[in-house]
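# Results of the structural survey
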Amino acid sequence: MKVVLARNAGFCMGVRRAVETTLDMVRGADGPIATYGPLIHNPQVLDILGERGVTVLDRVPEGNAPATVIIRAHGIPPGEKEAIVASGAGVKDATCPRVQKVQAIIRRHLGDGATAAVIIGDRNHAEVDGLMGHAGDCGVVVSNEEDVAGLDLAAPYIIVSQTTQDQPTFDRLSTMILERFPGGRVFSTICDSTHKRQSAVLDLCDQVEAMVVVGGRTSANTKRLGEIVAGRDIPVFVVESERELDPGELRSFRRVGVTAGASTPSWIIERVIRCLELIPGAGENIFIATVKLGIAGTVSLSLYAAMGAGLMTLALDHIRGIPPLAAHFFIAFAYIFSIYNLNRLMSRPRPQYIDPLRYFSLIVAGRCCGPFPLPVLPSPCSWPGKITARGR
Ligand code: SF4
């Protein structure tokens, strides 16, 4: 099937920065490292960090504090940061600069006499909890119309947004608040990365028959992307990885769009795209789909190079006047094939190294067009080598 990737899918600047900071800390670690809460909302990335020895704290350490505690991209309340420092742990603050800007707006305006900071966002979301910490007793969270009905505000007050809130919801709720309580000042603090991601999804909805949204189940912005697509009345499949794709359902579409939440690394997006491309779309000829897969597999596995080497040995046999031997062909073929693919396996950042094994398993098993579930690749967490936080 035809797969179209949305612009601005995957890691945003703040998430990439937090993951890269953590990986840098792991590489130069001189003691245990922990994150205060999950670093980002993506279980696969958290698994990889866990394999590198990064633990997750769910409360301020009491005794036996890790050497370094990393504060996640969403930020935390200032009181909790002070408590971590007091516990004796070193603190590395990976709060996204755009979240820090919202925290600063709240502190500045409350310090200048605002009576309240209304935060439009998801109650109990890590970022909103952090913002509430900066607002102290003057903070109030608004998630929906019922929350607006329960407000009691006095001017002057400010309204800010969770950075991953969607614009129509923010506009609607802030207008309702201002109508009920004039004298408030609105700061549209939705991150431009969120803006771009959401508008790219809306554009893509007009070009595809269905949409796959890739992201962690606890990721608020992934959930919001799913809601935006559902609002456009096209089928939407929200998955954490390629393992959750349902070929049976997806086979009824010709053209499918893919987008991903801000915490989804590029290697998971790539794997989802590869799997989707292997599913024959509606009305697609199975024979042509198999030939296309074969060509893609040949290129991906460097089979053409291995075949060329094998044929060259046969030509040399002929030039030297000896009968061509199949063994010569296979020795040259196997040598070039293994050198190319082992080199890729050992030297490339492992999350990027997925294609040769995928095509090999698909071609050999002949599963690409049959009524079988898509093959499951081993988790990259268990592979050796370097990992990177490279996003799209
Ligand atoms: S979505 Fe925006 S504010 Fe949130 S972490 Fe990413 S870059 Fe930062």
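Here, every reference points to the structure presented above.
Figured I'd write up the structure that's included with this text. Keep in mind that what you see is a predicted model, and the values were worked out from it rather than measured.

### Some remarks on unusual backbone geometry
- A cis amide bond, omega -5°, links Ala155 with the succeeding residue Pro156.
- Take Pro156: it is sitting in the loop between helix 6 (145–149) and strand 8 (157–161).
- The phi dihedral of Asn124 is positive, around 75°, even though this residue is not glycine.
- Taking the relative accessible area as the measure of exposure, Asn124 reaches 66% and is therefore exposed.

### Topic: the site of the ligand
- In the vicinity of the ligand, the residues found are Cys12, Gly14, Cys96, Arg98, Val99, Thr163, Thr164, Cys191 and Thr194.
- Among the cavities detected, the one that contains the ligand is the largest cavity.
- Partitioning the shell around the ligand into residue classes produces four nonpolar, four polar and one charged.

### So, the sheet that holds strand 2 (residues 33–36)
- In space, the four strands of this open sheet follow the order 3-2-4-5, with parallel pairing throughout. Only two strands of the sheet have a single partner each, and these edge strands are strand 3 (55–57) and strand 5 (90–93). Pairwise comparison of adjacent strand axes, ignoring direction, gives a mean angle of 30° for this sheet.
- Judged from the three bridges that link them, strand 2 and strand 3 form a sheet pairing that is parallel. Counterpart to Thr35 in the pairing with strand 3 is Val56.
- The strands that helix 3 (residues 78–86) touches are strand 2, strand 4 (68–71) and strand 5; relative to strand 5, the one it contacts most, it runs at about 145°.

### Digging into the packing of helix 4 (residues 97–111) against helix 5 (residues 126–135)
- Interaxial distance between helix 4 and helix 5 falls to 9 Å at its minimum, and their mutual angle equals 25°. On the basis of the axis angle, helix 4 is roughly parallel to helix 5. Remark: the crossing between helix 4 and helix 5 carries right-handed chirality. The residues of helix 5 that touch helix 4, namely those facing Val99, Val102, Gln103, Ile106, Arg107 and Leu110, are Glu127, Leu131, His134 and Ala135.
- Of the residues contributing to the contact of helix 4 with helix 5, the split by class is six nonpolar, two polar and two charged.

Scoring rules and cut-offs
Within each chain, residues carry numbers counting from 1 in the order of the written sequence. With pLDDT at 70 or above as the cut-off, local features in this predicted model cover only qualifying residues; side-chain atom pairs require 80 or more to be listed or tallied, and sums for whole chains, interfaces and linings still use all residues. Only heavy atoms go into the side-chain values, all of them from the structure, while hydrogens and water stay out. To qualify as a helix, a DSSP run of H or I must reach at least 4 residues; to qualify as a strand, a run of E must reach at least 2; elements of each kind are numbered from the N terminus. The classification of residues rests on relative accessible area computed with a 1.4 Å probe and restricted to protein chains. Under 20% of the type maximum is buried, over 50% is exposed, and intermediate values are partly exposed. Note on definitions. A residue lies near a molecule or strand when any single heavy atom of the residue is within 4 Å of it. Residues are said to line a cavity or pocket when one of their atoms sits within 4 Å of a point; the points come from a 1 Å grid over protein atoms alone, cavities being sets where a 1.4 Å probe fits but cannot get out and pockets being open sets with protein on both sides within 12 Å along at least five of seven lines. Should more than half of a molecule's atoms lie within 2 Å of a pocket's or cavity's grid points, that molecule is taken to sit in it. Polarity classes work like this: nonpolar for Ala, Val, Leu, Ile, Met, Phe, Trp, Tyr, Cys and Pro, charged for Asp, Glu, Lys and Arg, and polar for all others, with Gly in that last group. Two strands are said to pair when DSSP picks up at least two bridges between them. Fitted lines through C-alpha atoms serve as axes, helices being fitted only where they are in contact, and the angles separating the N-to-C directions of these axes extend from 0 to 180 degrees. Whether two residues touch is decided by their heavy atoms; if any such pair falls within 4.5 Å, the residues are in contact. The cut-offs work like this: below 35 degrees is roughly parallel, past 145 is roughly antiparallel, 65 to 115 is roughly perpendicular, and the gaps in between are oblique. With the far helix as reference, a near helix turned anticlockwise by less than a right angle produces a left-handed crossing, and one turned clockwise produces a right-handed crossing.

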